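Descriptive structure summary
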Amino acid sequence: MKALPIQTRAKQKRAALIAAAKKCFVEYGYDNTTAKSIANCAGVATGTFYQYFDNKEDILCVIAQQRIEDLYQQVPSAKELFTLSEKAQKNSVKADATQAIFLYVLELIYAFHEEAPELHQVLEQRKALDPRLAEILGQGETLLDERVLLFVQSFNIKNANGVAFNLFAMAEGLVHRHVFGNPSQSKATTLQLGAVMLASYFDHL
């Protein structure tokens, strides 16, 4: 990727191109989007596009990286997660605290997908063809995987890796089904029930 601009005006042009690229990828699809269509949408010359990006693959990777950085800002730190885990293991608040943790995780995953579902689908389709994009998107999944694993490990559960993998897979599957499907129940109900169901695994511990 090309170096980030320093001047304010250049930063604004680059940001405008990124916003335009998101719009074009959603409206026209990846294959029909070009550097020229992105530049036109941003109101700049095509040459300006190439001042900041090598090609449309490059700008899509930048979009993905921004989404992952936003996710990093929202995911609880290891210290915060351990504090929540300690609360969850106290009998008097165990069920409520555990459900609250899973509800937070579900809401985080949901927001990540709901923000721009069409763009998310473009990213998912392209990652099979672009190793660099796949690596960037994998960073987000790894971050959430690690946080769920830390929480599971705090309960001293046997095969914590397997349990964490299944819990995260169920959470992600639930979110995908609701965001990209045609759900008959509300988002709030889906996430609340999902949190209860995921937390129920820990009721007997």
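Residues numbered from 1 in each chain as written. Predicted model: local features only at pLDDT ≥ 70, side-chain atom pairs only at ≥ 80, totals over all residues. Heavy atoms only, no water.

1. Notes on the packing of helix H7 (residues 117-127) against helix H8 (residues 131-153)
A pair of packed helices is captured by two measures, namely the crossing angle of their axes and the spacing between those axes. Orientation of H7 relative to H8, taken along the N-to-C sense of each, is 120 degrees, at an axis distance of 9 Å. Considering the angle they form, H7 stands oblique to H8. Relative to H8, the crossing made by H7 is left-handed. Contact residues: Leu123, Arg126 and Lys127 in H7; Leu133, Ala134, Leu137 and Glu141 in H8. Looking at the contact of H7 with H8, its residues break down into four nonpolar, no polar and three charged. (Axes fitted to C-alpha atoms, helices over the stretch in contact; angles between N-to-C directions. Helix = DSSP H or I, 4+ residues; strand = E, 2+ residues; numbered from the N terminus. Parallel < 35°, antiparallel > 145°, perpendicular 65-115°, else oblique. Left-handed = near helix turned anticlockwise from the far one by under 90°. Contact = heavy atoms within 4.5 Å. Nonpolar A, V, L, I, M, F, W, Y, C, P; charged D, E, K, R; others polar.)

2. Here's the deal with unusual backbone geometry
Positive phi, close to 55 degrees, is recorded for asparagine 159, a residue that is not glycine. When you line up the elements, asparagine 159 lands in the loop between H8 and helix H9 (160-180).

3. As for the pattern of salt bridges
A full pass over the atoms with the stated rule returns four salt bridges. Of the charged contacts in the structure, one is a salt bridge between lysine 187 and glutamate 114, with a shortest N-O distance of 3.1 Å. On the criterion of sequence distance, the pair formed by lysine 187 in helix H10 (residues 187-199) and glutamate 114 in helix H6 (residues 94-114) is long-range, its members being 73 residues apart. Under the relative-accessibility criterion, glutamate 114 is labelled partly exposed at 38%. With its nearest N and O atoms 3.8 Å apart, the salt bridge here joins glutamate 141 to lysine 127. Taken as a pair, glutamate 141 in helix H8 and lysine 127 in helix H7 lie far apart in primary sequence, 14 residues in all. We classify glutamate 141 as partly exposed; its relative accessible area is 32%. One continuous salt-bridge network, built from bridges that share partners, spans Glu124, Lys127 and Glu141. (Salt bridge = Lys/Arg side-chain N within 4 Å of Asp/Glu carboxyl O. Buried < 20%, exposed > 50% of the residue type's maximum accessible area, 1.4 Å probe, protein only.)

4. Concerning the environment of leucine 103
The topology assignment puts leucine 103 in helix H6. Overall, leucine 103 belongs to the buried group, its relative accessible area being 16%. Each C-alpha atom of the pair leucine 103 and valine 196 lies 8.2 Å from the other, and the pair is 93 residues apart in sequence. Not counting residues within four places of it along the chain, the set of residues in contact with leucine 103 comprises Leu191, Gln192 and Ala195.

5. What to know about the packing of aromatic side chains
Under the defined criterion, the tally for this structure stands at three aromatic pairs. Here the aromatic rings of phenylalanine 25 and tyrosine 30 are separated by 5.5 Å at their centres, their planes lie at 20 degrees, and the arrangement is stacked. There is no split in this pair, since phenylalanine 25 and tyrosine 30 are both buried. Aromatic ring contacts, followed pair by pair, group Phe49, Tyr50 and Phe53 into a single cluster. Here the guanidinium or amino end of arginine 67 rests over the ring plane of phenylalanine 112, the centre of that ring lying 4.4 Å away. (Phe/Tyr/Trp six-rings, centres within 6.5 Å; stacked < 30°, edge-to-face > 60°. Lys NZ or Arg CZ within 6 Å of the ring centre and 35° of its normal.)

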